[in-house]
Amino acid sequence: MPSYHHVRTSTFDVRLRLRLRLLLVAIIFLAQSSYTIMGFARPYSRPAAHAKNPLLKTTTISDARSANTSSRVRLSQSTNYSDRSSKRLRIKTKTMLSSIIATLLMTIKPAGAATATAEKTKTMLSTVLAALSTTIKPAGTATAVAAAAPSYHLTRILFLRMLAIVYIAAFSVAKFQNKGLIGDRGVAPARIVLNDCQKRQELRSARRKEWAEERKKYSQKGSWVMNKLSDSRIATLFRDKFWFRTDRADRPLPCLLWLAKDRRNLNPWLDGLANTGLLLSTIILATGSANALLIFALWLIQRSFMSVGGVFYGYGWEPQLAELTFHAMFLVPLLSMDPFFGSKSGVFAVPTLVLWAIRFYLFKIMLGAGLIKIKSSDKKWKPGDMSTMYYFYETQPVPNPFSRQFHFMPKAWHKFEVWSNHFVELVAPFLLLLPFRKWRISGGIIQIMFQLTLVTSGNLSFLNWLTIAPALLCLDDVFLTNNLSSFAQKVLIGTPMTSSFAASLKSGSMQLLHTPMPRKVISLAFFMLMAKLNVKVVQNLLAKRQLMNASFDKLRLAGTYGAFGVVAEEREELIIESAVDANGPWKEYNFNVKPGDVNRTPRWISPYHHRIDWQLWISAQTGRIERNPWMLSFLLKLLQQEKDVIGLLESDPWDGSGTSPKYIRVEKYKYSYNKRGSSPYWNRERIGRYFPYGQGVLTEAMLKDIIRGR
């Protein structure tokens, strides 16, 4: 029979074990809470492929700094924390837990048979104390918060380079074509837009002055301060130089051409703006970085061309580029050109709200493109028919060398293409807005692959390349370093400090600093502004009669987009001919990419763009010349042998002949692909005269009279 002392000792053991287990659970819970609160995260680990990655040869940031002391990258030397409050919290937590366990070690001193149990308990608590000492590391050895959070610094480099490629294409088009299109002696001179705009400004300013004089007769209590502010010199200057200078839709025209003293000599300004844009774009492409001032300069140049470009800058991708550039302005530092901008202890995170705003920008573009198709009157997009792609490759604005190959694919494949198009534009965009990383990455990849497919099947200007840019921001740095080859990483995201940043990302030592409060306020204000401006965009997407390529705010900061709601079943082309004698012979003008010569194979020029060729395709689709008045000026310039306008063509049929044309006419033809491998490349059949109507011809004097009478 056991003694009383033995029973008491056994009871003590049971209670001690129970209390120790409860205490151990409490300690683990407290440690885990501290672990979470203080932001410890599991270090990022990467596959063995890291050893083959040349961007990750630098294993520590300190090595990179010693190799490149002039770099402005501010990465932590190891896994250092600069947050002093977090450091104090860690020290206090560790001290508290150590004191609790030390007290327990001193108080557990039972007598007799309990000694062995007490020793085991003390050993267990000592192990827990050692584990806590290992888990709660001192400052300088802790893993950074950013190791677990997605990082978008390398992605931002890739995004900016793609944006730069688009701008290089856009400004190259401006440099080589704007003088012929909107130059001093171009088809639609920019000075006409500026002069009309100034007339509206002068009229509105005069009306307001009359209203201000009339207002003085009536005194309203409390309105004195507002009247003074409204009549101040700054407010008046703002109205007269910007707000009252509007287009026909009553939208202000931000344009650097207002600075020109002589509007009859704008060609140097057009060239200067294009060259400046090319220079700034090249800097972004070379460095992979930009600041807000540089991006603003690109936006202002693009808006300047949009303001005076008329029909030649009326395509959907022009405001789409301006809107994305406005978003990018808030994605980069204000002044720094450092792609890894931060301080000595880490890098500042890429603004999260701006990332989501850009993803929504891509979402509304793709969803709008899908909705415009299923809402249109074209039954070829609807279930039960689904035959759009039978015709699209043949009737699209500017085919490329592969378009004919796509056209002759089996009909079953074309139906699959229509279904795939509906999935990509109506379903896949919702993946872009999901908070789940894998789904969001999948959504971005779907959009990128879709746009690359369109690039291979036609020349759609820089539209597809522009749409790829925001899709890249669905990918993060870890995805890029894991999935891009060594060569691709060097080309796409390589910078002098990319290797050290990638090394810190791999080791888990990369640290994101807390975003400064001013930057948080700016990002939040931008996000709220875009949310407000996009309310009407969303309403338009949900409307039964959806507008395509429209904006609802005066500054055109947010728009709604769409394309190819209706696809023609036959390709009609306008062929311009001129002659010295009204009875012929007639010589045909050949354009750079527009189908004309039936023996010529289409070219692949994307992301470059020939605006006059595209605009002639639109004119052929929209009917009579009254809906395309710019063509009257174009025909007149051709008869006048205007050098800048002739430069828009592939060649001048009268070059070297020693004579100039006196008569001109426009014929309409139906074009269709010849069979693969057959010659000529195109079949064509004359439909009739497009202009002048009937069987007449046009002279220079007749065209001048028509233009004056408009």
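Provided above is the structure to which this section pertains.
Nothing here was measured: the structure is a model prediction, and the numbers come from that model.

1. Points about the overall build of the chain
Helix and strand counts for the chain stand at 25 helices and nine strands. For the chain, the residues scored as buried account for 50% of the 710 residues in total. Residue pairs at least 24 apart in sequence account for 77% of intrachain contacts in the chain once pairs closer than 6 positions are excluded. When the accessible area of the chain is evaluated, it comes to approximately 34,500 Å², of which 62% is carbon and sulfur surface.

2. As for the pattern of salt bridges
Here the structure, examined in full by the defined rule, presents 27 salt bridges. One salt bridge in this structure joins R251 and D247, with 3.1 Å as the shortest N-O distance. Here the salt bridges do not stand alone but share partners, grouping E577, R665, E667, R686 and R689 into one network.

3. Some points on the pairing of strand β6 (residues 571–579)
Sheet faces and side chains relate simply in a regular strand, where the side chains alternate between the two faces. Counting buried positions along β6 gives eight out of nine residues, so the element sits mostly inside the fold. Note that β6 and strand β8 (residues 663–673) share nine bridges and pair antiparallel. Bridging from a neighbouring strand, E572 pairs with K670 of β8. Of the pairings in the sheet, the one linking β6 to strand β7 (residues 587–588) comprises two bridges and is antiparallel in character.

4. Some thoughts on the packing of aromatic side chains
Following the criterion strictly, the structure yields 34 aromatic pairs and no others. Ring centres 5.6 Å apart and planes at 45° place the aromatic pair F238 and F242 in the tilted group. Within this pair, F238 and its partner F242 are both found in helix α8 (residues 233–243), separated by four residues, close to a single helical turn. Judged by its relative accessible area of 45%, F238 falls in the partly exposed class. Of the residues examined, F242 reaches a relative accessible area of 22% and is grouped as partly exposed. A centroid spacing of 4.6 Å and a plane angle of 25° characterise the contact between Y673 and W682, whose relative ring orientation is stacked. The class of W682 is buried, set by a relative accessible area of 2%. Between R359 and the ring centre of W356, over which it is positioned, the NZ or CZ distance is 4.6 Å.

Calculation notes
- Residues numbered from 1 in each chain as written.
- Predicted model: local features only at pLDDT ≥ 70, side-chain atom pairs only at ≥ 80, totals over all residues.
- Heavy atoms only, no water.
- Helix = DSSP H or I, 4+ residues; strand = E, 2+ residues; numbered from the N terminus.
- Buried < 20%, exposed > 50% of the residue type's maximum accessible area, 1.4 Å probe, protein only.
- Contact = heavy atoms within 4.5 Å.
- Areas by Shrake-Rupley, 256 points an atom, 1.4 Å probe, with all protein chains shown as cover.
- Salt bridge = Lys/Arg side-chain N within 4 Å of Asp/Glu carboxyl O.
- Pairing = 2+ DSSP bridges.
- Phe/Tyr/Trp six-rings, centres within 6.5 Å; stacked < 30°, edge-to-face > 60°.
- Lys NZ or Arg CZ within 6 Å of the ring centre and 35° of its normal.

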